Amino acid sequence: MTAAVSPLILAAPHPAALTAARRAAERGGNAVDAALAAAAALTVVYPHQCSLGGDLIALVHAPGGSVRAVVSAGAAAQAVDVEALRAAGRRMPAQGPQTVTVPGVVAGWAALADAHGTPGALADALRDAAELAEGGATVSAGLARAIRERVPQIAADPGLTALLTGPDGAPLDEGDPLPQPQLAAVLRILADDPSSFYRGAVAEALANGLRRAGSSLTAGDLAAHQAESVEPLTLDVAGTRWWAAPPPSQGASLLAVLETAACAAKSSEPERTSVLADRCQDASAARDLLLADPLGPLPVDLDGLLRPAPLAGARPPEPSFRPAGDTVAITAVDASGLAVSLIQSVYQTFGSGICDPETGIVLHNRGSAFSLLPGHPALIGPGLRPPHTLCPVLGRSAELLLAAGCQGGRAQPQILAQTVPDLMDPAADPIAVLDRPRWVIGARDIGHETQTLLAEPGSVPANADAFPSVVPVVVAPGRTDLAGHTQAVRLSATGQLDGASDPRADGGTILEGSTP
């Protein structure tokens, strides 16, 4: 018998995630149950963007109005050899075994389920994901693009080769089957005991695989991990309260640019875009200089992140490689006012470039975001967490509750600042807002050697005099994944549910139950 469905809406970037969420809702699950079901499915069908071997950061708005941040970002190994890393180069490697930090996704799921989920819902979701991994998944358009772009990387790793090439040795293409029997077995174990990922059979197998791959992470490092439930950062501006995750998330950078977006809302379009673009550069530079683990030896300059100093033409720090921002955002809200913005990620496409053959788990390269500079707040060290791009957001006004998040790496604050303020207008059409062209500013992180504004057609004024950008402007030929995949859902004060999934992704929304 199908359980009564409480009205809820969810947005996610893949049809399999929507199917999983719908099953959770039909079993009587709430917004968090549906989001966790979608998240588990995405680790099967989107291995280029998220996996059991990645991290998770989420924000949850409880029906009573309180908000908590769940930060499940893993740490570097206790045995990390900083001097050996410095001897190998000035910067952290972009990928490889030394970039793997403890994966936090599974602990994050368990923390969300324990605090807000329906008993048994996470286990059901993991069993559904196991069935999908056993033989029900196929290669999506987004995964096919990632495979084509990473053929040499895939060929260099036996685990990725086994996962992403067919029986004939050719790379998988859109529509091809994506069987993952090893991952299915792991998901079934986790359905019975999620803690096994950190202290049990899965942890033992994963620790052995990490050692064989050349990582210094151990079973002890896995066992030490715990998801945090912490107070989020807040910003009150223009009648809206915004919530973002605290460090090591870049949530403070998001709030900095949201404040500017609100202040410039009544300016002309060219002026508004120019002011916001400048502020995004300031916030990005401050993040690169200041963002670190608050559990580390140096205090995090939170005020410097929330109120970034103007660059005033100075050259901002530049990443040493292109972190492509491969991440998935899932957002859900139900009629009770329970809302979640959940983001999970392997960081770059296929993370560290390592898939553990025994477990089928793709391992992230989040450790590449550490610094090797002496005295830098984000200097890598035993048991420390790297700066994090994952940046969920919640907004609430007297008229509306919004949960939003996006893929986009370092540019997530920029992408959200161009979308979420307008989504707080109850009259705005979420589909139209996410369909609008956007821009991002970066350097190597968006494929340019110097700071550049990459614009989708129509996102910035064509007349250079009307838009005096301080950095070169390059207009993309059309929509680009670099402009992010935003997922957004809303609950109005009258009980109306709506939302949208970014047209740049492969997904959509589900609306379960009846709404006024």
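Residues numbered from 1 in each chain as written. Predicted model: local features only at pLDDT ≥ 70, side-chain atom pairs only at ≥ 80, totals over all residues. Heavy atoms only, no water.

1. Let's talk about empty space enclosed by the protein
Rules: Here a cavity is any set of points on a 1 Å grid over the protein atoms alone where a 1.4 Å probe fits but cannot get out, and a pocket is any open set with protein on both sides within 12 Å along at least 5 of 7 lines; a residue lines the site when it has an atom within 4 Å of a point. Grid points are joined across faces, edges and corners, and a volume is the space filled by probe spheres set on the points. Charged means Asp, Glu, Lys or Arg here, nonpolar means Ala, Val, Leu, Ile, Met, Phe, Trp, Tyr, Cys or Pro, and polar covers whatever is left, Gly included.
According to the stated counting rule, one finds seven cavities of 30 Å³ or more in the structure shown. Taken as a whole, the largest cavity spans an internal volume of roughly 80 Å³. Considering the residues around the largest cavity, the lining is formed by 14 residues, among which Ala 77, Val 80, Gln 98, Val 100 and Ser 216 are closest to the centre. Split by residue class, the lining of the largest cavity holds eight nonpolar, six polar and no charged.

2. Some remarks on the pairing of strand 2 (residues 55–61)
Condition: Burial classes follow relative accessibility: with a 1.4 Å probe on protein chains only, a residue under 20% of its type's maximum area counts as buried, one over 50% as exposed, and anything between as partly exposed. What counts as a helix is a DSSP run of H or I of at least four residues, what counts as a strand is a run of E of at least two, and both are numbered from the N terminus. Two strands make a pair as long as DSSP finds a minimum of two bridges between them.
In terms of burial, strand 2 is a largely internal element, seven of the seven residues being buried. Because side chains alternate across strand 2, one face comprises the buried residues Asp 55, Ile 57, Leu 59 and His 61, and the other comprises Leu 56, Ala 58 and Val 60, equally buried. Sheet topology note: the strand 2/strand 8 (residues 339–347) ladder contains seven bridges and is antiparallel. Paired with Asp 55 across the two strands is Ser 345, which belongs to strand 8. Adjacent in sequence and paired antiparallel, strand 2 and strand 3 (residues 67–72) are bridged by five residues, among which Gly 65 carries a positive phi angle near 110 degrees.

3. Structural notes on helix 2 (residues 31–45)
Worth spelling out the cut-off: Given a helix with a known number of residues, its expected span is that number minus one, times 1.5 Å. Residues adjacent in sequence count toward polar contacts only when both atoms are side-chain atoms; beyond that, a polar contact is any pair of N or O atoms within 3.5 Å, and within protein one must be able to donate a hydrogen and the other to accept it.
Here helix 2 contains 15 residues, and its C-alpha end-to-end distance of 21 Å stays within 8% of the 21 Å for a straight helix at 1.5 Å per residue. For helix 2, the tally of buried residues reaches 15 of 15 residues, placing the bulk of the element in the interior. Near the N-terminus of helix 2, the side chain that reaches the backbone nitrogen of Val 32, with its oxygen 3.0 Å away, is that of Asn 30.

4. Observations regarding the layout of surface pockets
In this structure, the largest pocket encloses a volume near 700 Å³. Lining the largest pocket are 31 residues, with Arg 272, Ala 417, Gln 418, Pro 421 and Asp 422 positioned closest to its centre. Sorting the residues of the lining of the largest pocket by element identifies strand 6 (240–244), helix 12 (251–263), helix 13 (269–290) and helix 16 (420–423) as the ones contributing at least two each. The element that contributes the greatest number of residues to the lining of the largest pocket is helix 13, accounting for four residues. Among the residues forming the lining of the largest pocket, the class breakdown is 17 nonpolar, eight polar and six charged.

5. Here we look at the pairing of strand 18 (residues 508–512)
A regular strand carries its side chains on alternate faces of the sheet. Alternating residues of strand 18 divide into Gly 508, Ile 510 and Glu 512, all buried, and Thr 509 and Leu 511, none buried. In the sheet, strand 1 (residues 8–12) pairs with strand 18 via five bridges, with the strands oriented antiparallel. Within strand 18, the position partnered with Leu 10 by the bridge is Ile 510.

6. Structural notes on the sheet that holds strand 13 (residues 439–442)
We count it as follows: Between the N-to-C directions of two axes lies an angle of 0 to 180 degrees, each axis being a line fitted to C-alpha atoms and, for a helix, fitted only over the stretch in contact.
Taken in spatial order, the three strands make up an open sheet running 13-14-15, and their pairing is mixed. In the strand order of this sheet, the two ends are held by strand 13 and strand 15 (473–475), each with one partner. This sheet shows a mean twist of 25 degrees between the axes of neighbouring strands, independent of strand direction. Two strands pair when backbone bridges link them, and strand 13 and strand 14 (residues 452–455) are joined in this way by four bridges, in the antiparallel orientation.

7. Quick notes on the packing of helix 5 (residues 121–136) against helix 9 (residues 181–192)
Definition in use: Here is the rule for angles: anything less than 35 degrees is roughly parallel, anything more than 145 is roughly antiparallel, 65 through 115 is roughly perpendicular, and the remaining ranges are oblique. Any two residues having at least one pair of non-hydrogen atoms within 4.5 Å are treated as being in contact.
Two elements in contact, helix 5 and helix 9, have axes separated by 8 Å at closest approach and are oriented at 170 degrees. Here helix 5 lies roughly antiparallel to helix 9, going by the angle between them. When helix 5 is examined against helix 9, the residues Ala 123, Leu 126, Arg 127, Ala 129, Ala 130, Glu 131, Ala 133 and Glu 134 are found in contact with a partner set consisting of Pro 181, Ala 184, Leu 187, Arg 188, Leu 190, Ala 191 and Asp 192. In terms of residue class, the contact of helix 5 with helix 9 is made up of 10 nonpolar, no polar and five charged.

8. Re the confidence of the model for the protein
What counts is decided by this rule: Per-residue confidence from the predictor is reported as pLDDT, which spans 0 to 100.
Overall, the prediction assigns the protein a mean pLDDT of 93, with 95% of residues at 70 or greater. For the stretch residues 319–325, pLDDT sits under 50, and the model shows 31 contacts to residues farther than four places along the chain or on other chains.

9. Looking at the pattern of salt bridges
Stated precisely, the cut-off is as follows: Every case where a carboxyl oxygen of Asp or Glu lies within 4 Å of a side-chain nitrogen of Lys or Arg is listed as a salt bridge.
Counted under the stated rule, the structure contains 24 salt bridges. Salt-bridge contacts for Arg 27 lead to Asp 124; the nearest nitrogen and oxygen are separated by 3.8 Å. You can see Arg 27 sitting in the loop between helix 1 (15–26) and helix 2 and its partner Asp 124 sitting in helix 5, a full 97 residues away along the chain. Arg 27 sits in the partly exposed class, given a relative accessible area of 38%. For Arg 68, the salt bridge goes to Glu 231, with nearest N and O atoms at 2.9 Å. Of this pair, Arg 68 sits in strand 3 while Glu 231 sits in the loop between strand 4 (228–230) and strand 5 (233–237), placing them 163 residues apart in sequence. Look at Arg 68 and you get partly exposed, because its relative accessible area is 28%. Bridged by salt links that share partners, the residues Arg 27, Asp 124, Arg 127, Asp 128 and Asp 192 form one connected network.

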